[in-house]
Amino acid sequence: MRLLWLSALACNGNAHSLLNYPGFQEWQEDFHWLYHPLLPSRYTFPEIEKGIEGVEVLIVDGTLEEGLIKNRLPYRELLLRYGDQAERIVTVGTCATFGGIFAQGGGGRSGLHFEGDEHLKGYERFWEKTVSLPGCPVQPEVLAGTLSIIRRRDPLPLDTLHRPKYFYAYTIHDGCTRNEYFEYKIDEHHFGTLEGCMFYDHGCQGTFTHGSCNKILWNGVNSKTRAGTPCLGCTEPDFPREGLWRTPKHMGIPARMPLGVPRRAYLGLAGIAKAFRIERFTRPLMEDEGG
Amino acid sequence: MSSTTERVDRKAKKREKIVRTALKLFAKQGFYTTTIPEIAGKIGMSVGNLYNYFSSKEILAQEIIREISAYLGSRIREVNDSDLHVREKIRRIVSIYFETARNEPEMIDFFLRVYLSNREVFHEGCEGMICVNEFVTEIMIFFDDGVANGELKNQDFFSAFGLFMGYLGGMVFLNGERILPRRLESYIDDISENIYNALKVP
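Residues numbered from 1 in each chain as written. Chains lettered and ligands numbered in written order. Predicted model: local features only at pLDDT ≥ 70, side-chain atom pairs only at ≥ 80, totals over all residues.

S.K.: Would you take a moment to explain the overall build of chain B for this structure?
M.R.: The secondary structure content of chain B amounts to 9 helices and 0 strands. The order of helices and strands in chain B, counted from the N terminus, is α-α-α-α-α-α-α-α-α. Taking the principal axes of its C-alpha atoms as reference, chain B extends roughly 60 × 45 × 30 Å. When the 202 residues of chain B are sorted by exposure, 32% land in the buried category. (Helix = DSSP H or I, 4+ residues; strand = E, 2+ residues; numbered from the N terminus. Buried ≥ 20, exposed ≤ 12 C-beta atoms within 10 Å, placed from the backbone.)

S.K.: Is there a simple way to explain the pairing of strand β3 (residues 57-61) of chain A in this structure?
M.R.: Regular strands place side chains that alternate from one sheet face to the opposite one. Residue and element names in this part refer to chain A. Burial analysis of β3 places 5 of its 5 residues in the buried class, the great majority of the element. Direction of pairing for β3 relative to strand β5 (residues 88-92): parallel, over a ladder of 5 bridges. In the strand pairing of β5, Ile59 is matched with Val90. (Pairing = 2+ DSSP bridges.)

S.K.: For this particular structure, what's the right way to read the domain arrangement of chain A?
M.R.: When the parts of a complex come together, some accessible area is lost, and that lost area is often taken as the interface size. Residue and element names in this part refer to chain A. Each assigned domain of chain A is listed here: domain 1 (2-166) and domain 2 (170-281). Computed over C-alpha atoms, the centres of domain 1 and domain 2 are 30 Å apart. Secondary-structure elements contributing two or more residues to the side of domain 1 that touches domain 2 are α5 (93-98) and α6 (140-152). When the residues that make up the side of domain 1 that touches domain 2 are grouped by side-chain class, the tally is 7 nonpolar, 6 polar and 3 charged. (Domains from an automatic or database assignment. Nonpolar A, V, L, I, M, F, W, Y, C, P; charged D, E, K, R; others polar.)

S.K.: Just checking my understanding: could you explain the pairing of β5 of chain A for this structure?
M.R.: Residue and element names in this part refer to chain A. A large share of β5 lies buried, amounting to 5 of its 5 residues. Note that β5 and strand β9 (residues 130-133) share 4 bridges and pair parallel. Across the sheet, residue Val90 finds its bridge partner in β9, namely Val131.

S.K.: Would you explain the interface of chain B and chain A in this entry?
M.R.: In this assembly, 18 residues from chain B lie in contact with 13 residues from chain A. Only α7 (133-148) and α8 (157-176) of chain B provide two or more residues apiece to the side of chain B that touches chain A. Ranked by residues supplied to the side of chain B that touches chain A, first place goes to α7 of chain B with 9 residues. For the side of chain B that touches chain A, the class distribution of residues is 10 nonpolar, 5 polar and 3 charged. (Contact = placed C-beta atoms within 7 Å.)

S.K.: I'm lost on the sheet that holds β5 of chain A in this one. Help?
M.R.: Within a sheet, each strand pairs with its neighbour through backbone hydrogen bonds, oriented either parallel or antiparallel. Residues and elements named next belong to chain A. Ordered by their spatial adjacency, 5 strands build an open sheet running β2-β1-β3-β5-β9, and the pairing between neighbours is parallel. The sheet is open, and its two edges are formed by β2 (32-35) and β9, each paired on a single side. Each adjacent strand pair in this sheet contributes to an overall mean axis angle of 25°, direction not counted. Strand contacts of α6: β3, β5 and β9, with the helix running at about 160° to β9, the strand carrying the most contacts. (Axes fitted to C-alpha atoms, helices over the stretch in contact; angles between N-to-C directions.)

S.K.: Please clarify how unusual backbone geometry should be interpreted in this entry.
M.R.: If a residue is not glycine, its phi is most likely negative; likewise, a peptide bond is most likely trans. Residue and element names in this part refer to chain A. With an omega of 0°, the peptide bond between Cys136 and Pro137 qualifies as cis. Residue position: Pro137 is located in the loop between β9 and α6. Residue Pro240 follows Phe239 across a cis peptide bond; omega there is -5°. In this fold, Pro240 is placed in the loop between α9 (224-227) and β10 (249-250). If you check the backbone angles, Arg153 has positive phi at about 55° while not being a glycine. Residue placement: Arg153 occurs in the loop between α6 and α7 (165-168). The exposure class of Arg153 is exposed, given the 9 C-beta atoms found within 10 Å. Positive phi is not limited to glycine here, since Asn219 has a value of about 55°. Among the secondary structure elements, Asn219 is positioned in the loop between α8 (179-183) and α9.

Below, the structure is given as structure tokens:
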């Protein structure tokens, strides 16, 4: 399958992420790069500007900016030309999907179809064929896996933001090793330690962020929450919000509830869970049992 | 109605009667002076039968506080579900509390004289705030809404909770001791205004 990778305002994080895909070598035997900023490609960028044929999947990376000239041509012109040519479009990373970090730095910046959660109409004719793969960066397995599914023309169920459900139907809370601390509302956490839940004080957005970080581990070994730093909500339209390491609260009550959980139900359960002081959760996990 | 439904219904009514009677006696005489035979005697049922409903005096007292909490919680929930300004919501909550103290004085007496005074009765089964969860949850929702709407100052929960509920409890206590020179209801406006001034965004 022939791929064209076009970067706008990007840090190359998504490209680097893909290079970390453990099965990369084998995986890329099924794909041909017509152009990629880092990988050996069939065409040079000036040739892409001049015009090529045969793009099957257009991969859009980085934040779009009004009037952006990539080399000689307006980036929009390239997007329209190759967007029409491609069977599918994949927005890779949060910048290309929702605007992300680079959208914070100036006006007229957005993702391909979204500015935050606002659905834009500038590339509406591509909406039906677009797949959104947000993440800062995208997980390598999510990008490689999605492209493989597209190549095989297998069904690819999407959510309302066009994120593939196979990877984004879950929350980061799924598979988090701190779930017991969450259940019993134990928030005595220090960054980098194994104990405690970061939902209450440390800004963790895992309970309302869609993604597979705790199901498909980064580099096969870890995730933010497992390592002791909060989920920053990087796959969501409102990323990055301010104050990522603290939990916004109203008189001690988290301002945002776990996904789909009514506040009254959450507070009722939390009140009951907090009443029990369970000894096991107050001890460091690696403490000697005898001492 | 089938005989099974009738039996269940009768049992529920009996259970309610026990709770009501025990509440009155506990509130008036205290937890320790009140005995199970006395409660049973008042209703005209045997001591053995009463134990079929509640296996101990402690469990009976715990059920009572749960019911009081559920009652007050449901009343405050109506306020939370309304679109009123926070100032008016405070007035409604104060009114509910004082109204309850007037119309159901044993509820508030039980809360102050048994639940808060005989903590050992509630240690097992009512840990933390479990048995007053419904009431506390509604107060939390009231605070949360107030802060989210920009009407209340964002502060520590217990500082605000203590100010609100401690104030109301104190006034009902003074009223119960017949120390207040005026009727409890006549303080609603002043007290609501004081609470509002203390909690509002500066």
